[in-house]
Amino acid sequence: MSTPTLHVSQHPAVLHKLGILRDERTEPKKFREIVRELSWLLGYEALADARVRPLDVTTPMETMPGAELADRIGLVPILRAGLGMVDAMLELMPTAQVWHLGLFRDERTLRPVEYYNKLPDSANVDLCLILDPMLATGGSATAAIEVLKRWGAVRIKLVNLIAAPEGVEAVAKAHPDVAIHCAALDRQLNDKGYILPGLGDAGDRQFGTGHSVCYGLIRTASCRPR
Ligand code: PRP
Ligand code: URA
């Protein structure tokens, strides 16, 4: 698929960590660690065009022209799975603001349901990064982008760990101005809206809350009957 707004990382460290993340034997502690590490690497790539302004820096030797971050960055993790991506992003951009958005996907309709939003009246950031490990149907991402645009956000990027072609297409069609940064573009969705080959349920795998039956065709360590 060639979508001008889609950036799939080719970094060897990303490829290596992604294999561990997908592995059904990876337990929640390790899974959270890898989500954090991948978020750092993807955030680094997604923020490559953040704006800086000139600033003089005086070293112990002399004064030289340097730079400081000019963009006010807003991080918007989608609850709950996006929470695991926040700390790494804050390490990269310690001055970023964090605005949580609560959305869950109705398991029957696959449509997003908003349950938490405390954004202030008007946008006070220059660049918003929406953080969510999974882009499946694209319903949650599209809803989050609409919330942010209504809020007044102009520059928005989506940072996902794994994207499905269906989700990329939905976002690109509704919001062609929003760049998508991800670690992998997978094959397809199954009939329950889970990404194949994917990694299962990103929220459940981070927080150890696997159901007894999930994902339709695939089973992971977090939901396998004991
Ligand atoms: C997952 C994921 C995304 C959404 C993606 O969240 O973290 O937010 O599904 O699916 P979509 O592209 O089809 O909308 P989920 O609804 O499972 O909630 P959770 O993070 O609380 O587990
Ligand atoms: N949400 C997930 O956590 N995983 C998927 O594969 C699809 C949506």
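Being a predicted model, the structure only gives us computed values, none of them experimental. (Residues numbered from 1 in each chain as written. Chains lettered and ligands numbered in written order. Predicted model: local features only at pLDDT ≥ 70, side-chain atom pairs only at ≥ 80, totals over all residues. Heavy atoms only, no water.)

With respect to the overall build of the protein chain
Of regular secondary structure, the protein chain possesses 6 helices and 15 strands. In terms of overall dimensions, the protein chain is globule-like: its C-alpha atoms have a radius of gyration of 18 Å, near the 17 Å expected for 226 residues. Seen along its three principal axes, the alpha-carbon backbone of the protein chain occupies a region of about 65 × 40 × 35 Å. With 226 residues in all, the protein chain has 49% of them scored as buried. Of the contacts formed within the protein chain by residues at least 6 apart in sequence, a portion of 61% connects residues at least 24 apart. (Helix = DSSP H or I, 4+ residues; strand = E, 2+ residues; numbered from the N terminus. Rg over C-alpha atoms; globule rule 2.2 N^0.38 Å. Buried < 20%, exposed > 50% of the residue type's maximum accessible area, 1.4 Å probe, protein only. Contact = heavy atoms within 4.5 Å.)

Remarks on the sheet that holds strand E11 (residues 162-163)
On the basis of which strands lie adjacent, the open sheet formed by 3 strands has the order E9-E11-E13 and parallel pairing. At either end of the open sheet lies a strand with only one pairing partner, and these are strand E9 (134-135) and strand E13 (184-185). Inspection of the sheet shows E11 paired to E13 by 2 bridges, in the parallel sense. Paired with Ile162 across the bridge in E13 is Ala184. (Pairing = 2+ DSSP bridges.)

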